[in-house]
Amino acid sequence: MTTIPYAPLARYAARLHAAIGDRHHVASPLGAWLLLALAAPAATGAVRAELAEVLGVDGETAAATAAALLDRPHPLVPSATAVWHRPGADTGPLAGWRDGLPRATATGPLPDQAGLDAWAREHTLGLIDRFPLTVSPRVLLALAGALATRISWAAPFDLVPGSALGPDRPTDADADRTVGDWAGKLARALRTPEHGHRAWIASTGSAGDVAVHAAAAVERDGAGLVVLSVLADPTVRPADVLAAGYALAGAAVDGEPGRRSLFDLPLGAGPLGTLREERVRTSARDGREERQHAVLPCWSAQDEHDLTAPGLGFAAVGRALGGLLGTQVGVEARQAAVAHYGRYGFEAAAVTGAFALTSLPPEGVRRTAELRFGHPYAVLAVATDHRADGTGPWHGVPVFSAWVAEPQEPSDGDLADPPEPA
């Protein structure tokens, strides 16, 4: 069975998040990667090599991976893809590429904007109301992808005061911050229940030691979803924390990769939380028992991302699709994404769209004149005379002429609605 190549997806995710920046946001690198994978078989020559570099695998492998995911959808992650064309743009090469798309990919004539918006709502559980691109007469071909989830935690969080997000008590190092910024701003936070969640400290290459929390969904048809939260020292770059999360993700579904013993870490408050030690009676074989709890905030995000930035691959997709259409095309690509993380569950959706557009004319200079007849001028009424046997004698003859030197207000007739055609 073809499986998702974790390393290439992680590398693409790093590119996408870097293009978005360090602000609060949500995105679906997988959603963008899947559209690139669908388009990859259309590419040839240098464009094919460029897409392979962006995807991290050759086009055939990427396309097979996309088909494996889309043709066997996850019960908790509804997915959809579509390729639509404008009538008249359906060339032979385009039809050949389209025949090789995954069985689950819808094809057909390009919908209008209302149809695109309805498609986005239908395939995102209603979380996204609008397709991220606006259709116009210039659109020759459209690619669309949607991913969504709405899950309930197998074990809901407990509610605690927001101050629990800060250290239990100040230390010398914390003298100027008794509680963290969020602890001082939030009235309530989420705390892991006694059972049903996992939390640990992991050693990573890109972000050093990180705190990891894993919340699992109620399974359906033997399939589940685990949402990881990864916290590093605040001095670590966001890109490195995201990279650490991607590095942990595959193994964290079933285990606790990189787990560090709490007995190897210093006691007291630190950037990941507070570690304390107490004497207890324990059944641990070596007499050393470890427990982890996590306190997290609720959060939501709603974003749109331009995917035409260098290195994200969609400019190359435009060139590949132009080859199928037999013309040079431009490309627009955007992703809309939303997410909410709360006490009882998690929901998220993303719609990714790419349009192949008729090319714009070369850039030049335009001058616009507004001609104002504000002083006396001439008027000529000139006849035209087109006849079956050619041009008649009246053609081009000025029949009336005038010199306009006394303008007047429009008459009532001028101001009335135009008469109905005879």
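What you see is a predicted model, and the numbers here were worked out from it, not measured in a lab. (Residues numbered from 1 in each chain as written. Predicted model: local features only at pLDDT ≥ 70, side-chain atom pairs only at ≥ 80, totals over all residues. Heavy atoms only, no water.)

So, the overall build of the chain
So, point 1. Counting its regular elements, the chain contains 10 helices and 18 strands.
So, point 2. For the chain, with 422 residues in total, the buried portion stands at 38%.
So, point 3. Just so you have it, the chain exposes about 24400 Å², and 53% of that area is on carbon and sulfur atoms. (Helix = DSSP H or I, 4+ residues; strand = E, 2+ residues; numbered from the N terminus. Buried < 20%, exposed > 50% of the residue type's maximum accessible area, 1.4 Å probe, protein only. Areas by Shrake-Rupley, 256 points an atom, 1.4 Å probe, with all protein chains shown as cover.)

Observations concerning the sheet that holds strand β11 (residues 295-296)
So, point 1. Spatial ordering of the open sheet is given by β4-β5-β11, a layout of three strands whose pairing is antiparallel. Strands with a single pairing partner mark the edges of an open sheet, and in this sheet they are β4 (158-161) and β11.
So, point 2. Note that strand β5 (residues 188-191) and β11 share two bridges and pair antiparallel. Each bridged residue has a counterpart across the sheet, and for Arg 191 the counterpart in β11 is Val 295. (Pairing = 2+ DSSP bridges.)

A few points about the nonpolar core
So, point 1. Judged by nonpolar contacts, the single largest core of 45 residues is most densely connected at Tyr 12, Trp 33, Trp 97, Leu 141, Leu 143 and Phe 314.
So, point 2. Element by element, the count of residues in this core is highest for helix α2 (residues 29-39), at eight residues.
So, point 3. For Leu 143, the residues in contact, after removing those within four places along its chain, are Leu 35, Ala 39, Ala 82, Val 83, Trp 97, Phe 131, Leu 321, Thr 352, Gly 353 and Ala 354. (Core = buried A, V, L, I, M, F, W, Y, C linked by side-chain atoms within 4.5 Å. Contact = heavy atoms within 4.5 Å.)

Considering the packing of aromatic side chains
So, point 1. In this structure the tally under the stated criterion is eight aromatic pairs.
So, point 2. Residues Trp 84 and Trp 119 carry aromatic rings whose centres are separated by 5.5 Å and whose planes lie at 85 degrees to one another, so their mutual orientation is edge-to-face. Remark: Trp 119 occurs in helix α6 (residues 113-122) and Trp 84 occurs in strand β1 (residues 79-85); sequence separation between them is 35 residues.
So, point 3. On the accessibility criterion, Trp 84 (7% relative accessible area) is buried.
So, point 4. Between Trp 153 and Phe 157 the ring centres are 6.2 Å apart and the planes differ by 80 degrees, which places this aromatic pair in the edge-to-face class. The exposure classification of Trp 153 matches that of Phe 157, with both residues buried.
So, point 5. Among the aromatic residues, ring-to-ring pairing joins Trp 153, Phe 157, Trp 299, Tyr 341 and Phe 346 into one connected group. (Phe/Tyr/Trp six-rings, centres within 6.5 Å; stacked < 30°, edge-to-face > 60°.)

Points about the pairing of strand β13 (residues 329-341)
So, point 1. In terms of strand pairing, strand β12 (residues 299-306) meets β13 through eight bridges, oriented antiparallel. Considered in β13, the bridge of Ala 301 is made with Ala 339.
So, point 2. Pairing of β13 with strand β14 (residues 345-358), which is carried by 13 bridges, proceeds in the antiparallel orientation. The residue bridging Tyr 341 from the neighbouring strand is Phe 346, located in β14.
So, point 3. Here β13 folds back onto β14, and the loop between the two strands holds three residues.

Concerning the sheet that holds strand β6 (residues 197-204)
So, point 1. Spatial ordering of the open sheet is given by β6-β7-β8, a layout of three strands whose pairing is antiparallel. The two strands at the open ends of the sheet, each matched to only one other strand, are β6 and β8 (226-231). Recorded for the sheet is a direction-independent mean angle of 25 degrees between the axes of neighbouring strands.
So, point 2. With six bridges joining them, strand β7 (residues 208-216) and β8 adopt antiparallel strand pairing. When the bridges of β8 are listed, Ala 215 appears paired with Val 227.
So, point 3. Across the sheet, helix α8 (residues 238-252) lies against β6, β7 and β8, angled at about 120 degrees from β6, the strand it touches most. (Axes fitted to C-alpha atoms, helices over the stretch in contact; angles between N-to-C directions.)

Let's talk about the side chain of Asp 303
So, point 1. Inspection of the secondary structure puts Asp 303 in strand β12.
So, point 2. Among the residues examined, Asp 303 registers a relative accessible area of 10% and is labelled buried.
So, point 3. In this structure Asp 303 touches Arg 23, His 24, His 25, Val 26, Gln 335, Ala 336 and Ala 337, once residues within four positions along its chain are discounted.

Quick notes on the confidence of the model for the chain
So, point 1. For the chain, per-residue confidence averages 83 on the pLDDT scale, and 82% of positions sit at 70 or higher.
So, point 2. The lowest-confidence element of the chain is strand β15 (residues 377-382), averaging 49 in pLDDT; the highest-confidence one is α6, averaging 97.
So, point 3. Note that pLDDT drops below 50 for residues 168-180; the model gives that stretch 14 contacts with residues more than four away or on any other chain. (pLDDT = per-residue confidence, 0-100.)

Description of α6
So, point 1. Taken together, the buried positions of α6 are occupied by Gln 113, Leu 116, Asp 117, Trp 119 and Ala 120. Viewed along the axis of α6, the buried residues span an arc of 155 degrees, placing them on a single side of the element. For α6, the exposed residues set more than 90 degrees away from the buried face come down to Ala 114 and Glu 122.
So, point 2. Tucked inside the fold, the buried residues of α6 contact β1, β3 (139-152) and β14. (Arc of directions from axis to C-beta.)

Observations regarding the pairing of β1
So, point 1. The element β1 is largely enclosed, with a buried count of six among its seven residues.
So, point 2. Of the strand pairs in this sheet, β1 and β3 are connected by seven bridges, and their pairing is antiparallel. Each bridged residue has a counterpart across the sheet, and for Thr 81 the counterpart in β3 is Gly 145.
So, point 3. The sheet contact formed by β1 and strand β2 (residues 106-109) spans four bridges and is parallel. Looking at the pairing, Ala 82 lines up with Ala 106 of β2.

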